[in-house]
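Now for the letters of each chain:
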Amino acid sequence: CDRVRSASRAQLVNVIAPIMAEEHGPAWRQTTFYPFAEAALHARGQAYAPAISSPTIHTEAYGDVPAIDAVVTWDEQARTGLLLAVNRDANTPHTLTIDLSGLPGLPGLGTLALSKAQLLHEDDPYRTNTAEAPEAVTPQPLDIAMNATGTCTATLPAISWISVESHARTKYSQVQYDQGPSITIRLTGLVIHFGYFEPRIHQARANAGEDSRRERL
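Residues numbered from 1 in each chain as written. Predicted model: local features only at pLDDT ≥ 70, side-chain atom pairs only at ≥ 80, totals over all residues. Heavy atoms only, no water.

Moving on, we come to the overall build of the protein. When you go through the protein residue by residue, the secondary structure sums to two helices and 15 strands. Among the 217 residues that make up the protein, the fraction classed as buried is 38%. Put simply, of all contacts in the protein between residues at least 6 apart along the chain, 66% involve residues at least 24 apart. When the accessible surface of the protein is totalled, it reaches about 12,500 Å², and 51% of it is carbon and sulfur. (Helix = DSSP H or I, 4+ residues; strand = E, 2+ residues; numbered from the N terminus. Buried < 20%, exposed > 50% of the residue type's maximum accessible area, 1.4 Å probe, protein only. Contact = heavy atoms within 4.5 Å. Areas by Shrake-Rupley, 256 points an atom, 1.4 Å probe, with all protein chains shown as cover.)

Here is the structure:
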């Protein structure tokens, strides 16, 4: 599936839910609450699905899969962007060099600045939030710096998730493109290239037109 037109969350409270509660007692956010909340609050505009070249990990259900997965959204009108990335490797941290200079309008709209960056990680991957410790595992500020071209470096510990919010510093000026932009992430020497879809999907729909390559959220 290369696009989702609508989505919903079942079991919002208890069971496998991102929110837990006790009858006549407290309610608290589970660890899975935070990635859903970040996407719901800040993923706006157009989504760019990455074709990622990275180390792989082996899974029983899906075989070998990339250790790193990521998505970028960019709102041209609001001039705000969001990068969400996850390290699924249970044993090895990975350092990403993220280059967002290929976003639509850059450099015509000016330079990028970091709005907020956070990391969700716990050394014990089985630790959860509880009524007694509702903030045992929560996103923490991620110490990164973004230069004017939209490049920054971040280290993802084993089994971790990051979000990076950015914004344009100067007034927007419209720029026309014949083809969609590209965004590159370099993973310790390996390149993660952001196009619209993974190559096998893009090739299958090469003649499907602009709507097959971009989808407005």
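What follows is about the pattern of salt bridges. Side-chain pairs of opposite charge can arise where the charged atoms are in close proximity. For the structure shown, the criterion picks out two salt bridges. Notably, a salt bridge pairs Arg127 with Glu122, separated by 3.6 Å at the nearest N-O pair. The exposure class assigned to Arg127 is partly exposed, which follows from its relative accessible area of 41%. When its relative accessible area of 22% is taken as the criterion, Glu122 is described as partly exposed. (Salt bridge = Lys/Arg side-chain N within 4 Å of Asp/Glu carboxyl O.)

Turning our attention to the packing of aromatic side chains. Counting across every chain of the model gives one aromatic pair. A ring pair is formed by Phe33 and Tyr34, whose centres lie 5.5 Å apart and whose planes are at 85°; its orientation type is edge-to-face. Judged by its relative accessible area of 15%, Tyr34 is buried. (Phe/Tyr/Trp six-rings, centres within 6.5 Å; stacked < 30°, edge-to-face > 60°.)

Let's shift gears to the sheet that holds strand β11 (residues 140–141). Strand order across the open sheet formed by six strands is β3-β7-β8-β13-β10-β11, with antiparallel pairing between neighbours. Strands with a single pairing partner mark the edges of an open sheet, and in this sheet they are β3 (46–48) and β11. Of the pairings in the sheet, the one linking β3 to strand β7 (residues 68–75) comprises three bridges and is antiparallel in character. For Gln46, the partnering residue across the bridge sits in β7 and is Trp74. Together, β7, β8 (80–87), β10 (112–121) and β13 (160–168) form the strand contacts of helix α1 (residues 33–42), whose direction differs from that of β13 by roughly 15°. (Pairing = 2+ DSSP bridges. Axes fitted to C-alpha atoms, helices over the stretch in contact; angles between N-to-C directions.)

Before going further, it helps to spend a moment on the layout of surface pockets. Empty space among the atoms becomes visible once a probe the size of a water molecule is rolled across them. Within this model, the second largest pocket holds a volume of roughly 320 Å³. Of all the secondary-structure elements, those providing two or more residues to the lining of the second largest pocket are β10 and β13. The class makeup of the residues in the lining of the second largest pocket is eight nonpolar, five polar and three charged. (1 Å grid on protein atoms, 1.4 Å probe; cavity = no way out; pocket = protein on both sides within 12 Å on 5 of 7 lines; lining within 4 Å. Points joined across faces, edges and corners; volume = space filled by probe spheres on them. Nonpolar A, V, L, I, M, F, W, Y, C, P; charged D, E, K, R; others polar.)

Below, the discussion takes up the confidence of the model for the protein. Caution applies to low-pLDDT parts of the model: their predicted coordinates are not meant to be read in detail. When pLDDT is averaged along the protein, the result is 77; 73% of the residues meet or exceed 70. Across the protein, β11 holds the top mean pLDDT of 96, while helix α2 (residues 199–204) sits lowest at 30. Within the model, pLDDT remains below 50 along residues 171–182, and this stretch shows 25 contacts once partners closer than five positions in the same chain are excluded. Note on residues 188–217: pLDDT under 50 across the span, and 74 contacts to partners over four residues away in sequence or across chains. (pLDDT = per-residue confidence, 0-100.)

A separate point is the environment of Ala133. Examined against the element boundaries, Ala133 turns out to sit in the loop between β10 and β11. For Ala133, a relative accessible area of 29% corresponds to the partly exposed category. Through-space distance from the C-alpha of Ala133 to that of Trp28 is 9.1 Å; in sequence the pair is 105 residues apart.

Further remarks concern unusual backbone geometry. Its identity as a non-glycine residue notwithstanding, His24 has a phi of 60°, on the positive side. Residue placement: His24 occurs in the loop between β1 (19–21) and β2 (27–29). Of the residues examined, His24 reaches a relative accessible area of 81% and is grouped as exposed. Phi at Arg79 takes a positive value of approximately 60°, unusual for a residue other than glycine. Here Arg79 is to be found in the loop between β7 and β8. Among the residues examined, Arg79 registers a relative accessible area of 24% and is labelled partly exposed.

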